Amino acid sequence: MNGPAPGDDAGRQLVFFGADAAEPAVADLAGLLAGPAEVVRMGGTARLSVRVDAAWRVHVLVAELASRGLAASWEPIEGEGHAVRTSYTRVLKPLAAAWLHGSTKRPPAAFHLTGRRLRLWLAAAGTPEPPDCYLLGLGPDDQECWESIGVALAAAGLAGTLLGPAEGGPAYRITGRRRLARLAELVGGPPPAAPVDAWPT
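Residues numbered from 1 in each chain as written. Predicted model: local features only at pLDDT ≥ 70, side-chain atom pairs only at ≥ 80, totals over all residues. Heavy atoms only, no water.

Chemist: Kindly report on the overall build of the chain, identifying the contributing residues and their values.
Modeler: When helices and strands are counted, the chain shows 7 helices and 10 strands. Evaluated residue by residue, the chain yields a buried proportion of 44% over its 201 residues. Partitioning the intrachain contacts of the chain with sequence separation of at least 6 by distance along the chain shows that 66% fall at a separation of at least 24. (Helix = DSSP H or I, 4+ residues; strand = E, 2+ residues; numbered from the N terminus. Buried < 20%, exposed > 50% of the residue type's maximum accessible area, 1.4 Å probe, protein only. Contact = heavy atoms within 4.5 Å.)

Chemist: Mind laying out the nonpolar core, listing which residues take part and the relevant values?
Modeler: Core analysis: the largest hydrophobic core is formed by 52 residues, its most contacted members being Leu29, Leu61, Trp121, Ile149 and Leu153. Per element, the largest residue contribution to this core is 7 residues, and it comes from helix α5 (residues 115–125). Setting aside residues up to four positions removed in sequence, Trp121 forms contacts with Gly31, Leu32, Ala34, Gly35, Leu113, Gly126, Leu136, Gly137, Leu138, Ile149 and Leu153. (Core = buried A, V, L, I, M, F, W, Y, C linked by side-chain atoms within 4.5 Å.)

Chemist: Tell me what's going on with the confidence of the model for the chain, and back it up with residues and numbers.
Modeler: Taken over all residues, the pLDDT of the chain has a mean of 89, while the share at 70 or more is 89%. Model confidence for the chain, summarised as mean pLDDT per element, is weakest for helix α1 (residues 6–16) at 37 and strongest for helix α2 (residues 30–34) at 98. In the model, residues 1–16 has pLDDT below 50 throughout and makes 8 contacts with residues more than four positions away in sequence or in other chains. (pLDDT = per-residue confidence, 0-100.)

Chemist: Give me the packing of aromatic side chains: which residues, what numbers.
Modeler: Between two aromatic rings, the relevant description is the distance of the centres plus the angle of the planes. Enumeration over the complete set of coordinates arrives at 1 aromatic pair. With 5.2 Å between their ring centres and 75° between their planes, Trp99 and Phe111 make a pair best called edge-to-face. Taken together, the positions of Trp99 in helix α4 (residues 93–99) and Phe111 in the loop between β6 (104–105) and α5 put the pair 12 residues apart, joining distant regions of the chain. The residues Trp99 and Phe111 share a single accessibility class, namely buried. (Phe/Tyr/Trp six-rings, centres within 6.5 Å; stacked < 30°, edge-to-face > 60°.)

Chemist: Please give an account of helix α7 (residues 177–187) that cites residues and values.
Modeler: Buried within α7 are the following residues: Leu180, Leu183, Ala184, Leu186 and Val187. For α7, the arc enclosing every buried residue in end-on projection is 165°, short of the 170-degree limit, so these residues lie on one face. Exposed residues lying more than 90 degrees from the buried face of α7 are Arg177 and Arg178. One or two residues past the end of α7 sits Gly188, with phi positive at roughly 80°. (Arc of directions from axis to C-beta.)

Chemist: Give me the packing of α5 against α7: which residues, what numbers.
Modeler: Axis separation between α5 and α7 bottoms out at 8 Å; the angle between their running directions is 105°. Classed by the angle they form, the pair α5 and α7 counts as roughly perpendicular. Every residue of α7 that contacts α5 at Gly115, Leu118, Arg119 and Leu122 is listed here: Leu183, Leu186 and Val187. Looking at the contact of α5 with α7 residue by residue, the class counts come to 5 nonpolar, 1 polar and 1 charged. (Axes fitted to C-alpha atoms, helices over the stretch in contact; angles between N-to-C directions. Parallel < 35°, antiparallel > 145°, perpendicular 65-115°, else oblique. Nonpolar A, V, L, I, M, F, W, Y, C, P; charged D, E, K, R; others polar.)

Chemist: Report on the sheet that holds strand β7 (residues 126–129), specifying residues and quantitative values.
Modeler: As summarised here, the arrangement of the 4 strands in space is β7-β8-β10-β9, forming an open sheet in which the pairing is antiparallel. With one partner strand each, in any of the chains shown, β7 and β9 (161–163) form the two edges of the open sheet. Pairwise comparison of adjacent strand axes, ignoring direction, gives a mean angle of 30° for this sheet. Bridging between β7 and strand β8 (residues 133–137) involves 4 bridges; their strand directions are antiparallel. Residue Thr127 lies in a different strand from β8, and its bridge partner there is Leu135. On top of the sheet, α5 reaches β7 and β8; it is set at about 90° to β8, its chief contact. (Pairing = 2+ DSSP bridges.)

Chemist: Outline the side chain of Asp142, supporting the account with residue identities and numerical values.
Modeler: On the secondary structure map, Asp142 appears in the loop between β8 and α6 (143–155). Here Asp142 falls in the buried class, since its relative accessible area comes to 6%. Among the polar contacts made by the side chain of Asp142, one reaches the side chain of Lys105 at a distance of 2.7 Å. Setting aside residues no more than four positions away along its own chain, Asp142 makes contact with Gly35, Ala37, Glu38 and Lys105. (Polar contact = N/O pair within 3.5 Å; in protein donor to acceptor, adjacent residues only side chain to side chain.)

Chemist: How would you explain the pairing of strand β4 (residues 81–86) if you had to name every residue and give the values?
Modeler: Where strand β2 (residues 45–52) and β4 come together, 4 bridges link them in antiparallel fashion. The residue of β4 that forms the bridge with Val52 is His82. Sheet analysis places strand β3 (residues 72–77) next to β4, joined by 6 bridges and oriented antiparallel. If you follow Ser73 over to β4, its bridge partner there is Arg85. The turn linking β3 back onto β4 is made up of 3 residues, and Gly79 within it adopts a positive phi angle of 75°.

The following block contains the structure:
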């Protein structure tokens, strides 16, 4: 009996974990927390916020949050882009519980990156570095997260180089055409508001 070739299985696996493989879920917001987003608790609720450097990111993130049933607002930050934040809501309490140790952000032990999580991370803090690199920005005060995030990237087939603040980071640099092709397949096509040259292809 003829079965599918190993390469076919690998191709299906890429699609399975891609951004279009499942409906949007609140758990996808872990992708924002892998990057520069913060989550804070208040009573039995939590709020997620993230600073971004371009207006198109605001449009994309507000739409992504709305698709998950979360109201979001934004405001300009003088000289620093924009801040996007959700309202305080019980819906985000499990995410905050998983990521916060006291007031410190830290990925949960089982953290992994899916296409939808990566798509949100790119929308918030992804920057192309021609010809064959892509930067994924990290939270400047999240040093305790950086190593675990790197492990999750490697597990997704996107092993990157950690750049410190003195090297243009903090960020992970994804290098090489094969890894960029993998990234592009996982995150799907660019959102309508994104500049064409801002998204991996």
